[in-house]
Amino acid sequence: MELRHIRYFKAVAEEKNFTRAAEKLAIAQPPLSRQIQDLEAELGTPLFIRSPHKVDLTPEGELFLQYATQILDLVTRSEEDVRERREGLQGTLYIASVEGCGPRLFAGWISSFQKKHPHVQYNLWNGNTDDVNRRLSKGLCEIAMITAPYNTEECHVLPVYEEPWVAVIPHGHPLYSEENVPVKPSELLPYDLLIPSRESRQSEINHWFGDSEHPPVIRGRVAHMMNAYELSLHGVGLAIYPATIATIVRNRNVCVRPIDHPEAHASYALIWDKNHKLSHVASEFIEHIKAAQSHESFGRVSGNGSTGKL
């Protein structure tokens, strides 16, 4: 087995198509297919389920992809470490983040980190917390930001931010308020709600309504902030989202009211895998964030999007 076999395998696994993988690798498809067949023969098991238009990983292929990712990361890291001795910190930082305040926080940290280490590159990916957790567990990123609850058994956890949950309410709705005053969960109960798509989120939101005879009506599950805003704007339902959604509200067509409940807040944390050795650039980035956190109070964002201090 050679490194090229592993690189070829990873390209096919990512593209799920031999033709696209061959184009990505700048080689012809027949040699690529033969190299994968040779790899499967050496391992003694199929790595892909082949169909006319795409390929999927077998369970053995899923396992091998985790090792392949780690091997290629180690090769890249060794090359970067050697160059770093001569040219300074460099490499690619792979990050996954939820929406909400995640993109803004990472942008600030990356901006200040870049001033110290101008040769570092960045690969950022956004999704909901479940998707981010899966990406981290598969080794597709080194550092991730998610909202609580966190898996402290498998991951290191660094709390970084907290903000209230809010309701996004369109103009003309009975609960619309230009003052954006807090709204009680009981006031929301008669109306259709749109909530984030994370599996555990519905039980958390249900808890706000206590022992109400009727549970809230969940009209939709929404993974992205812009979708939540647009659906609320068009009257599909009231979006329940972290307060950062207020930053995309450009007019008075909707209002953003904090949820008046002691547990209605979203807590954000950086996580990284306890079983995966971080690259030097990832370790330095985390230390950079810790230093930044020590100089700033742990933040909370208010319902109108302004930042306060705890």
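Scoring rules and cut-offs
- Residues numbered from 1 in each chain as written.
- Predicted model: local features only at pLDDT ≥ 70, side-chain atom pairs only at ≥ 80, totals over all residues.
- Heavy atoms only, no water.
- Helix = DSSP H or I, 4+ residues; strand = E, 2+ residues; numbered from the N terminus.
- Expected span 1.5 Å × (residues − 1).
- Buried < 20%, exposed > 50% of the residue type's maximum accessible area, 1.4 Å probe, protein only.
- Pairing = 2+ DSSP bridges.
- Right-handed = clockwise from strand over helix to strand, strands pointing away.
- Axes fitted to C-alpha atoms, helices over the stretch in contact; angles between N-to-C directions.
- Parallel < 35°, antiparallel > 145°, perpendicular 65-115°, else oblique.
- Left-handed = near helix turned anticlockwise from the far one by under 90°.
- Contact = heavy atoms within 4.5 Å.
- Nonpolar A, V, L, I, M, F, W, Y, C, P; charged D, E, K, R; others polar.
- Phe/Tyr/Trp six-rings, centres within 6.5 Å; stacked < 30°, edge-to-face > 60°.
- pLDDT = per-residue confidence, 0-100.
- Arc of directions from axis to C-beta.
- Polar contact = N/O pair within 3.5 Å; in protein donor to acceptor, adjacent residues only side chain to side chain.
- Disulfide = S-S within 2.5 Å.

Quick word on unusual backbone geometry
Glycine aside, negative phi is the norm for most residues, and most peptide bonds take the trans geometry.
Item 1. Cis geometry is found at the peptide bond from Ala148 to Pro149, where omega equals 10 degrees.
Item 2. In this structure, Pro149 sits in the loop between strand S5 (143-147) and strand S6 (155-170).
Item 3. Of note in the backbone geometry, Lys16 takes a positive phi value of approximately 55 degrees without being a glycine.
Item 4. Positioned with a positive phi, Asn180 is a non-glycine residue whose angle comes to about 55 degrees.
Item 5. Its location among the elements puts Asn180 in the loop between S6 and helix H7 (185-188).

Thoughts on helix H4 (residues 59-87)
Item 1. With 29 residues, H4 should reach 42 Å at 1.5 Å per residue; the first-to-last C-alpha distance of 41 Å fits that figure.
Item 2. Restricting attention to buried positions, one finds in H4 the residues Gly61, Phe64, Leu65, Ala68, Thr69, Leu72, Val75, Arg77, Glu80 and Glu84.
Item 3. One or two steps after H4, the chain reaches Gly88, where phi turns positive at roughly 100 degrees.

What about the pairing of strand S4 (residues 119-126)?
Item 1. Here strand S3 (residues 90-97) runs beside S4; their pairing, made up of 8 bridges, is parallel. Within S4, the residue paired with Leu93 across the bridge is Tyr122.
Item 2. Between the parallel elements S3 and S4, the chain passes through helix H5 (residues 102-116) in a crossover that is right-handed.

A word on the packing of helix H1 (residues 3-15) against H4
Item 1. It is at 10 Å that the axes of H1 and H4 come closest, and there the two elements cross at 120 degrees. By the angle between their directions, the pair H1 and H4 is classed as oblique. Helix-helix and strand crossings are classified by hand; for H1 and H4 the assignment is left-handed. Note on element contacts: H4 touches H1 through Gly61, Phe64, Leu65, Ala68, Thr69, Ile71, Leu72 and Val75, opposite Leu3, Ile6, Arg7, Phe9, Lys10 and Ala13.
Item 2. Of the residues belonging to the contact of H1 with H4, the class tally is 10 nonpolar, 2 polar and 2 charged.

Things to note about the packing of aromatic side chains
Item 1. For the coordinates displayed, the defined rule picks out 8 aromatic pairs.
Item 2. Counting every residue linked through ring pairs, the aromatic cluster contains Phe9, Phe18, Phe48 and Phe64.

Some points on the confidence of the model for the chain
Item 1. Per-residue pLDDT for the chain has a mean of 87; in total, 95% of the residues score no lower than 70.
Item 2. When mean pLDDT is taken per element in the chain, strand S10 (residues 254-258) scores highest with 95 and strand S13 (residues 307-309) scores lowest with 29.

Here we look at helix H10 (residues 280-295)
Item 1. Taking 1.5 Å of rise per residue, 16 residues should cover 22 Å, and H10 covers 23 Å from first to last C-alpha, within 8% of that figure.
Item 2. Of all the positions in H10, only Val281, Ala282, Phe285, Ile286, His288, Ile289 and Gln293 are classed as buried. The buried residues of H10 occupy an angular sector of 155 degrees when the element is viewed end-on, so they sit on one face. Looking at H10, the residues exposed on the side facing more than 90 degrees away from the buried face are Ser294 and His295.
Item 3. Summarising the contacts, the buried residues of H10 are in contact with S3, H5, S4, S5, S6 and strand S11 (265-273).

Regarding the packing of H1 against helix H3 (residues 29-43)
Item 1. Between H1 and H3, whose axes approach to 10 Å, the crossing angle comes to 110 degrees. Our classification of the angle between H1 and H3 gives roughly perpendicular. Within the contact between the two elements, H1 uses Arg4, His5, Tyr8, Phe9 and Val12 and H3 uses Leu32, Gln35, Ile36 and Leu39.
Item 2. Classifying every residue of the contact of H1 with H3 by side-chain character gives 6 nonpolar, 2 polar and 1 charged.

Points about the side chain of Thr129
Item 1. By secondary structure assignment, the location of Thr129 is in helix H6 (residues 129-137).
Item 2. A distance of 3.2 Å separates a polar atom in the side chain of Thr129 from a polar atom in the side chain of Thr147.
Item 3. Among residues more than four places away in sequence, those in contact with Thr129 are Val98, Ile146, Thr147 and Arg198.

Some details on the state of the cysteines
What makes a disulfide is a covalent bond joining the sulfur atoms belonging to two cysteines.
Item 1. Under the definition given, this model contains 0 disulfides.
Item 2. Looking at Cys101, it has no disulfide partner, and the nearest cysteine sulfur is the one in Cys141, 17 Å off.

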